[in-house]
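Read off the chains here:
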Amino acid sequence: MKKTLVLFCLFVASLSFAQQTDYVDFIAVNAELEFKPDEKQIVFRAKYTFKILKAVDSVYLDAKSTYHYELHDSNFKGGIRTSTKNKMVIRSSEFEIDKIYNFTIICFSYPKKAMYFTQQNNDIQIWTQGQGKYTSNWLPSIDDVNDKIEFDISITYPNGYEALANGKLINKEVGDSLTIWNYDMKKPMSSYLVALAIGKYNKKTETSKSGIPLEYYYYPEDSLKVEPTYRYSKRMFDFLEEEIGFAYPWQNYKQVPVHDFLYAGMENTSLTIFSDAFVVDSIGFNDKNYVNVNAHELAHQWFGDLVTAKSGEHHWLQEGFATYYAHLAERDIFGDNHFYFKLLESAIELGKQDLSGSGTSLLNPESSSLTFYQRGAWVLHALRTKVGDKVFRQAVKNYLEKYQFDNVETSDFIQEVERVYGQSLSSFVNLWIKQKAFPVDNAFDVLQQQSTYINEFLMVDCFAKSSKCAEYLKYYVSDEAKAKIISQVPELVTAETFNNGLKVRQAIAKYVRQIPKSLKDNYETLLDDKSYVTIENALYNLWSSFPEDRAKYLFKTRNVVGFNDKNVRLLWIVLNLSTPFYEADNKQALFNELLSYSDEEHNADLRMNAFRYLKMIKSCNEDCMANLENAKSHHNWRLVKFAKELSEELGKNKE
């Protein structure tokens with residue numbers, strides 16, 4: 001029987017949606033996807049395989065979009081319906097316990113969330129974000145993270161593009177106008193980790209020490225940025241496999257940047273999607289690189305993808321582990337001091353959060369990202385300190401082996417540690433996990449016991465009466481300590497201070513804003529640094545401090561662009577517009593360039609930068625306001641929030 005239904009919202013009362021995993025186990029989804037990008041439409045045929053665990057007359061899929069369906073299976077005589085709870089319900093009076101069933105759906109939809117159609121250099125780009133947005137907005141699936149399913153994805157798209165999905169590419173068929181990519185997953189995963197990305201990409205490949213294929217995708221025009229963007233990728237992969245002690249659990253690992261991504265990155269199983277703001281050149285690498293995000297999303301392939309928290313109460317088992325193992329990967333690259341400084345920074349931030357009244361228990365599902373990520377990482381470092389490296393590593397390995405492709409609670413992990421350690425950890429759990437306040441004093445004790453570098457940094461206090469900061473700045477203390485001194489007492493900077501490394505020179509550019517004439521020559525050398533942050537700050541401070549040399553500074557930096565948000569270029573334009581008689585004939589063209597960066601074709605960070613500068617020079621004209629209004633409907637929440645606040649502010653100023 002073939003039955004075609006146009007769906008409306010019908011209420012189905014007999015099925016308890018929240019507890020389907022007790023009755024039904026969805027095993028596999030085989031989805032064939034085809035896109036109509038101009039219409040932002042997806043058309044697909046999906047076959048679902050499930051097993052009945054207990055007596056039930058209905059099963060459901062989450063389906064949050066507006067679909068049109070055809071249900072292909074004569075066994076389900078009750079047909080298919082939707083409910084007011086965004087469910088697709090399949091009814092049958094003949095379901096048998098322990099029997100496996102299949103049904104196929106053909107449908108199309110116009111996703112409003114979780115799948116995004118963007119433009120990158122005038123080319124269509126499509127990508128997904130399931131966590132927090134729900135894959136069921138574009139593919140009927142199971143939003144419950146406790147139901148793990150094997151997903152095989154086939155994508156049909158016009159020639160000339162790359163299409164990526166979870167798993168291994170087992171076949172690629174290139175036709176006259178369309179290409180079909182077939183991806184296979186061997187193991188199950190939660191639906192929020194299903195992903196795809198389509199765009200104009202080239203790729204670089206490597207192979208891990210254990211033989212896992214590694215694929216790094218990039219825009220064709222960014223060939224010179226591949227090395228700095230993906231720097232240390234293979235090294236971190238090899239390190240994490242060895243450190244975790246459990247082999248990478250998937251067939252391959254792919255990474256792809258996308259335009260206007262919602263977050264820094266997302267750990268979709270075997271396919272990490274990350275923001276193209278992290279695609280940097282060799283200079284940008286010194287300021288803002290992909291290394292930490294890269295390691296964090298990779299660690300999630302074990303912690304979150306392989307072993308998944310049962311609920312938000314235990315979310316730290318994903319984010320805390322990924323944050324901690326990213327710290328360890330960076331430690332392997334940048335050394336102990338970098339590792340301990342990261343822990344110190346997070347301890348300070350967690351202490352500030354408590355002082356503001358925003359601190360929570362680690363088991364509070366409403367906790368902040370700071371708590372889940374950084375406090376979670378601190379729990380693991382403190383736990384490792386308490387039980388020792390050998391016990392900790394063995395317990396983590398046991399935990400992954402026991403719960404692979406399954407779901408866990410905090411007690412599951414703690415019990416594995418207690419089993420190897422041979423002692424109760426209840427006091428530790430109460431202090432570090434359950435207690436509302438972060439144990440900041442205990443954290444500082446751990447750091448001071450483990451790192452002389454941290455002791456030195458904490459010793460530097462320029463506000464103390466007996467401060468020796470002037471001496472510290474002249475002689476050997478770490479660059480971080482010297483940067484701290486400059487932030488507290490910038491007037492201590494002398495000509496000799498400029499002889500330090502990149503971090504100290506960045507601090508000079510950031511905090512020494514009114515430049516003494518005695519330091520002018522030294523300060524001008526900052527414009528030659530391999531740091532877009534340093535150049536941006538130094539350019540503005542020099543331009544402000546020495547009006548007579550503004551033309552010289554503008555000429556020297558005329559070809560510097562900066563990051564993807566063009567931080568140096570936009571500042572240069574505004575300073576040029578504010579410098580009478582300097583390249584006067586180009587003023588209108590420069591203003592038009594600045595205005596153009598607020599347009600929807602550009603990335604969100606660049607647009608926000610352009611709006612800020614247009615507001616600063618009081619030149620947000622009708623075109624600017626139109627672009628601002630357009631930004632309010634963007635898919636990126638940061639841009640939307642920014643646009644609404646700026647629009648309101650400009651409206652008040654006008655009144």
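Look a little higher up for the structure.
Residues numbered from 1 in each chain as written. Predicted model: local features only at pLDDT ≥ 70, side-chain atom pairs only at ≥ 80, totals over all residues. Heavy atoms only, no water.

**Details of the overall build of the protein**
Basically, it comes down to this: Where helices and strands are cited, they refer to DSSP runs of H or I of at least four residues and of E of at least two residues respectively, numbered from the N terminus. Two things to know: the radius of gyration comes from C-alpha atoms, and the globule rule equals 2.2 Å times the number of residues to the power 0.38. Buried, partly exposed and exposed residues are distinguished by accessible area as a fraction of the type maximum, computed with a 1.4 Å probe on protein chains only: under 20%, between the cut-offs, and over 50%, respectively. In what follows, residue pairs with any heavy atoms lying within 4.5 Å of each other are defined as contacts.
Along its length, the protein carries 22 helices and 22 strands. The C-alpha radius of gyration of the protein comes to 28 Å, within 12% of the 26 Å expected for a compact globule of 655 residues. By its C-alpha atoms, the protein is 90 × 70 × 50 Å across when sized along the principal axes. Residues counted as buried form 55% of the 655 residues belonging to the protein. Pairs at least 24 residues apart make up 67% of the contacts formed inside the protein by residues separated by at least 6 positions.

**What about unusual backbone geometry?**
Non-glycine residue lysine 40 carries a positive phi angle of around 55°. Relative to the assigned elements, lysine 40 resides in the loop between strand E2 (24-36) and strand E3 (41-52). By relative accessible area, lysine 40 is classed as partly exposed at 45%. The backbone phi angle of phenylalanine 581 is positive, close to 75°, even though this residue is not glycine.

**A word on the state of the cysteines**
As a reminder, the rule being used: Our working definition of a disulfide is a cysteine sulfur pair at a distance within 2.5 Å.
Per the stated rule, a full pass over the model turns up two disulfides. In this model cysteine 462 forms its disulfide with cysteine 469; the gap between the sulfur atoms is 2.1 Å. Because the torsion about its S-S bond is -105°, the bridge between cysteine 462 and cysteine 469 counts as left-handed. Take cysteine 462 and cysteine 469: they sit in the same class, and that class is buried. With a sulfur-sulfur separation of 1.9 Å, cysteine 620 is cross-linked through a disulfide to cysteine 624.

**Concerning the pattern of salt bridges**
For clarity, the cut-off: Think of a salt bridge as a Lys or Arg side-chain nitrogen and an Asp or Glu carboxyl oxygen that are within 4 Å of each other.
Scanning the entire structure with this criterion turns up 28 salt bridges. Lysine 87 is the partner of aspartate 62 in a salt bridge, and the nearest nitrogen-oxygen pair spans 2.3 Å. Here the residue aspartate 62 occupies a position in strand E4 (residues 58-62), and lysine 87 occupies one in strand E7 (residues 87-91), the gap between them amounting to 25 residues. A relative accessible area of 2% places aspartate 62 in the buried class.

**Considerations on the nonpolar core**
Selection rule: Within this scheme, the nonpolar core is defined by two criteria: the residues are buried Ala, Val, Leu, Ile, Met, Phe, Trp, Tyr or Cys, and they are joined through side-chain atoms within 4.5 Å.
Formed by 208 residues in total, the largest nonpolar core has its most connected members in Phe35, Trp316, Tyr325 and Phe413. A total of 10 residues in this core trace back to one element, the largest contributor, which is helix H4 (residues 316-334). Once residues lying within four places of it in the same chain are set aside, the contact partners of tryptophan 316 are Phe321, Leu362, Leu363, Phe372, Gly376, Val379, Leu380, Thr410, Phe413 and Ile433.

**A short note on the sheet that holds strand E9 (residues 115-120)**
To keep it simple, the criterion reads: Strands are treated as partners if at least two bridges between them are detected by DSSP. Between N-to-C directions, angles cover 0 to 180 degrees, with each direction set by a line fitted to C-alpha atoms, over the stretch in contact for helices.
Judged by pairing direction, the sheet is antiparallel, and its four strands sit side by side in the order E9-E10-E15-E12 without closing on themselves. The open sheet is flanked by E9 and strand E12 (162-165), the only strands paired with a single partner. Put simply, the sheet's adjacent strands are angled 15° from each other on average, direction ignored.

**A short note on the side chain of serine 208**
Definition in use: Polar contacts, as counted here, are pairs of nitrogen or oxygen atoms within 3.5 Å of one another; within protein the pair requires one atom able to donate a hydrogen and one able to accept it, and residues that are adjacent in sequence qualify only if both atoms are side-chain atoms.
Residue position: serine 208 is located in the loop between strand E16 (202-207) and strand E17 (213-218). Of note is the side chain of serine 208, whose polar atom sits 2.9 Å from the backbone nitrogen of isoleucine 212. Excluding its chain neighbours within four sequence positions, the residues that come into contact with serine 208 are Leu214, Lys234, Phe237, Asp238 and Glu241.

**What to know about the pairing of strand E18 (residues 253-258)**
Within E18, six of the six residues are buried, which leaves the element mostly enclosed by the surrounding structure. Side chains Tyr253, Gln255 and Pro257 project from E18 onto one buried face, and the interleaved Lys254, Val256 and Val258 project onto a second face that is buried too. Relative to E18, E17 runs parallel, the two being bridged by three bridges. Looking across to E18, one finds that leucine 214 is bridged to tyrosine 253. Pairing between E18 and strand E20 (residues 271-275): five bridges, direction parallel. Counterpart to proline 257 in the pairing with E20 is phenylalanine 274.

**Description of the packing of helix H5 (residues 336-355) against helix H6 (residues 369-387)**
To be explicit about the condition: Roughly parallel here means an angle under 35 degrees, roughly antiparallel means over 145, roughly perpendicular means 65 to 115, and every remaining angle is called oblique. If you view the pair so one helix is near and one far, a crossing is left-handed when the near helix is turned anticlockwise from the far one by less than a right angle, and right-handed when it is turned clockwise. Only Asp, Glu, Lys and Arg are considered charged, only Ala, Val, Leu, Ile, Met, Phe, Trp, Tyr, Cys and Pro nonpolar, and every remaining residue, Gly among them, polar.
Interaxial distance between H5 and H6 falls to 10 Å at its minimum, and their mutual angle equals 125°. Relative to H6, the element H5 is oriented oblique. In this structure, H5 crosses over H6, and the sense of that crossing is left-handed. Seen from H5, the contacting residues are Phe339, Tyr340, Leu343, Ser346, Ala347, Glu349, Leu350 and Gln353; seen from H6, they are Leu370, Thr371, Gln374, Arg375, Trp378 and His381. Here the residues of the contact of H5 with H6 are counted per class, giving seven nonpolar, five polar and two charged.

**Considerations on the pairing of E2**
The pairing of E2 with E3 spans 12 bridges and is classified as antiparallel. Note that in E3 the partner of phenylalanine 26 across the bridge is phenylalanine 50. A loop of four residues connects E2 with E3, the two strands running antiparallel in sequence, and lysine 40 in this loop sits at a positive phi of about 55°. Summarising the sheet, E2 and strand E11 (residues 150-158) pair through seven bridges and their orientation is parallel. Its bridge partner being in E11, leucine 33 is matched across the sheet by isoleucine 155.

**A word on the sheet that holds strand E19 (residues 265-266)**
Overall, mixed pairing links the five strands, which are arranged E16-E17-E18-E20-E19 in an open sheet. Among the strands making up the open sheet, the edge pair consists of E16 and E19. Sitting on the sheet, helix H2 (residues 233-244) touches E16, E17 and E18, and the angle it makes with E17 is about 145°.

**Points about the environment of aspartate 406**
Within the secondary structure, aspartate 406 sits in strand E22 (residues 406-408). For aspartate 406, a relative accessible area of 37% corresponds to the partly exposed category. For the pair aspartate 406 and tyrosine 60, spaced 346 residues apart in the sequence, the C-alpha separation amounts to 21 Å. Aside from chain neighbours lying at most four places away, what touches aspartate 406 is Lys148, Leu306, Val307 and Thr308.

**Some thoughts on the packing of aromatic side chains**
Here is the rule we go by: Any two rings among Phe, Tyr and Trp, with Trp reduced to its six-membered ring, count as a pair given centres within 6.5 Å; such a pair is stacked if its planes are under 30 degrees apart, edge-to-face if over 60, and tilted if neither.
Counted under the stated rule, the structure contains 46 aromatic pairs. Their ring planes at 90° and their centres at 6.2 Å tell us that tyrosine 230 and tyrosine 290 sit as a pair that is edge-to-face. Taken as a pair, tyrosine 230 in the loop between helix H1 (226-229) and H2 and tyrosine 290 in the loop between E20 and helix H3 (291-300) lie far apart in primary sequence, 60 residues in all. In this pair, the class of tyrosine 230 matches that of tyrosine 290, namely buried.

Interpretation in functional terms is not warranted from these geometric data alone.
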